[in-house]
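If you want the building blocks of each chain, they are given just below.
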Amino acid sequence: MKSKLRNMQLAELEIAKNFVMLCQQHNFTYFMLGGAMLGAVRHRGFIPWDDDIDFGMPRADYERLKKFILTKGGNDISVLDFTLGNSHDYPMKLVDKNIRIINRNVESQNTAYAWIDIFPVDGFPNNRFARWIHGFVLLADRAFLKLSQMSTGVALENPYRTGIEKTIIFIGKKIKIDRILSERFLMKRLDKDLKRYPFGKSKFAVNFMGAYKLKETFSTSLYSSYKLYQFEDAQFVGLEDFDTYLHGMYGDYMTPPEPQKRDKHKVEVE
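Only a predicted model underlies this, so the values are computations on that prediction, with no experimental measurement involved.

## Regarding a nonpolar patch on the surface
Side chains of Phe129, Trp132, Ile133 and Phe136 sit close together on the surface and give an oily, nonpolar patch of about 500 Å² of accessible area. Within the secondary structure, phenylalanine 129 sits in helix H4 (residues 128-147).

Printed below as a string of structure tokens:
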């Protein structure tokens, strides 16, 4: 009998296969990111304790994909996105509404659907000082957005949060700051700032809405060179220079983390 986690993984794998097929059919550029990229290199599939798959796309392809699915449909894929008013997350989620899940990762433990995350990768300033300024703006945007989502979109049990982030979350919950901040306004401001520097005209690029924020800044060339990797019973495109990427993200990426740091999402098939 399969575990709840394995059922979740297999559901997401089917969504990922549909997504990849759609990208192949319509020439959308995509690549694995984060735990999916690490899983492909270290485990040739899912990290055994992980429960999600992350893909990235250059911003232009990200916007084209969303528009295509919304206007023409795509291989039984449904879209959750803040611009549609059906998501509290910035990155686009592709979901299978046939598979219901329980999300115990936020304060309001809600029923949702099996999903994969698609992240836009955006350009970052070429000038070092401009990068510092832009990075500060994005961090402020994201912090205020999260404060507006204390009961709907903040992963309360994320073991990778810094002490400052945990303190801000604690204070935000106590004073119920999400009652006075507009999630919609803050989401639109973040969206505008993320798009300020085009991917194709920048020497650097960032998956800022990933878990590691500015740490996911690399050369645009790294985010532009790909190869196929085995992932479970499929093959997905990933970053060719996986070592630079994974080392920059995780350090000694071939050594698994301590058990207490392994579960971030706390979701299960209903």
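Past the structure itself, the notes keep going.
## Notes on the environment of aspartate 122
Counting through the fold element by element, aspartate 122 comes out in strand E5 (residues 110-124). Residue classification places aspartate 122 among the buried positions, given a relative accessible area of 3%. On a C-alpha basis, the gap between aspartate 122 and threonine 217 in space is 9.5 Å, while along the polypeptide they are 95 residues apart. Here arginine 59 takes part through its side chain, which lies 2.7 Å from a polar atom of the side chain of aspartate 122.

## Section: the pairing of strand E9 (residues 234-239)
Counting buried positions along E9 yields 5 of 6 residues, so the element is predominantly enclosed. Taken together, the 6 bridges between strand E8 (residues 226-231) and E9 define a ladder with antiparallel strand orientation. When the bridges of E9 are listed, glutamine 230 appears paired with glutamine 235. Taking the residues that link successive antiparallel strands as the turn, the E8-E9 hairpin has 2 residues, and the phi of glutamate 232 there is positive, at about 55 degrees.

## Some details on the packing of aromatic side chains
Considering all chains together, one arrives at 17 aromatic pairs under this definition. Ring geometry for phenylalanine 46 versus phenylalanine 231: centroids 5.2 Å apart, planes at 65 degrees, classification edge-to-face. With phenylalanine 46 in the loop between helix H2 (34-42) and strand E2 (54-58) and phenylalanine 231 in strand E8, this residue pair connects regions lying 185 residues apart in the sequence. Assessed through its relative accessible area of 6%, phenylalanine 46 is described here as buried. On the accessibility criterion, phenylalanine 231 (1% relative accessible area) is buried. A ring pair is formed by phenylalanine 55 and phenylalanine 236, whose centres lie 5.6 Å apart and whose planes are at 75 degrees; its orientation type is edge-to-face. Here the residue phenylalanine 55 occupies a position in strand E2, and phenylalanine 236 occupies one in strand E9, the gap between them amounting to 181 residues. Taken together, the ring pairs connect Phe19, Tyr30, Phe46, Phe55, Phe231 and Phe236 into an aromatic cluster. If you follow arginine 131 out to its NZ or CZ, it ends over the ring of phenylalanine 204, 4.2 Å from the centre.

## Notes on H4
Between its terminal C-alpha atoms H4 stretches 29 Å, which fits the 28 Å expected from 20 residues at 1.5 Å a residue. Every buried residue of H4 is accounted for by Arg131, His134, Gly135, Leu138, Asp141, Arg142, Leu145 and Leu147. A distance of 2.9 Å separates the backbone nitrogen of phenylalanine 129 from a side-chain oxygen at the start of H4, and that oxygen is part of asparagine 127.

## Some points on unusual backbone geometry
Positioned with a positive phi, asparagine 27 is a non-glycine residue whose angle comes to about 60 degrees. Among the structural elements, asparagine 27 can be located in the loop between helix H1 (4-26) and strand E1 (31-32). For glutamate 232, which is not a glycine, the phi torsion comes out positive at approximately 55 degrees. Checked against the element boundaries, glutamate 232 lands in the loop between E8 and E9. On the basis of relative accessible area, glutamate 232 is assigned to the partly exposed category, the value being 24%.

## Observations regarding the packing of H2 against helix H7 (residues 242-250)
At a minimum axis separation of 11 Å, H2 and H7 run at an interaxial angle of 125 degrees. As judged from the angle between their axes, H2 and H7 are oblique. The hand of the H2/H7 crossing is left-handed. Side by side, H2 and H7 meet where Gly34, Gly35, Met37, Leu38 and Val41 of the first sit next to Phe242, Tyr245, Leu246, Met249 and Tyr250 of the second. The residue makeup of the contact of H2 with H7, split by class, is 8 nonpolar, 2 polar and no charged.

## Re H2
Within an α-helix, residues lying three or four positions from one another point in the same direction, as the helix has 3.6 residues per turn. By the criterion of burial, H2 is predominantly enclosed, with 8 of the 9 residues buried. Restricting attention to buried positions, one finds in H2 the residues Gly34, Gly35, Ala36, Met37, Leu38, Gly39, Ala40 and Arg42. Buried-residue contacts for H2 involve E1, E2, E8, E9 and H7. One or two steps after H2, the chain reaches arginine 44, where phi turns positive at roughly 55 degrees.

Reading guide: rules and limits
Residues numbered from 1 in each chain as written. Predicted model: local features only at pLDDT ≥ 70, side-chain atom pairs only at ≥ 80, totals over all residues. Heavy atoms only, no water. Patch = residues over 30% accessible without salt bridge, like charges linked within 9 Å, V, L, I, M, F, W, Y side chains within 5 Å. Areas by Shrake-Rupley, 256 points an atom, 1.4 Å probe, with all protein chains shown as cover. Salt bridge = Lys/Arg side-chain N within 4 Å of Asp/Glu carboxyl O. Helix = DSSP H or I, 4+ residues; strand = E, 2+ residues; numbered from the N terminus. Buried < 20%, exposed > 50% of the residue type's maximum accessible area, 1.4 Å probe, protein only. Polar contact = N/O pair within 3.5 Å; in protein donor to acceptor, adjacent residues only side chain to side chain. Pairing = 2+ DSSP bridges. Phe/Tyr/Trp six-rings, centres within 6.5 Å; stacked < 30°, edge-to-face > 60°. Lys NZ or Arg CZ within 6 Å of the ring centre and 35° of its normal. Expected span 1.5 Å × (residues − 1). Axes fitted to C-alpha atoms, helices over the stretch in contact; angles between N-to-C directions. Parallel < 35°, antiparallel > 145°, perpendicular 65-115°, else oblique. Left-handed = near helix turned anticlockwise from the far one by under 90°. Contact = heavy atoms within 4.5 Å. Nonpolar A, V, L, I, M, F, W, Y, C, P; charged D, E, K, R; others polar.

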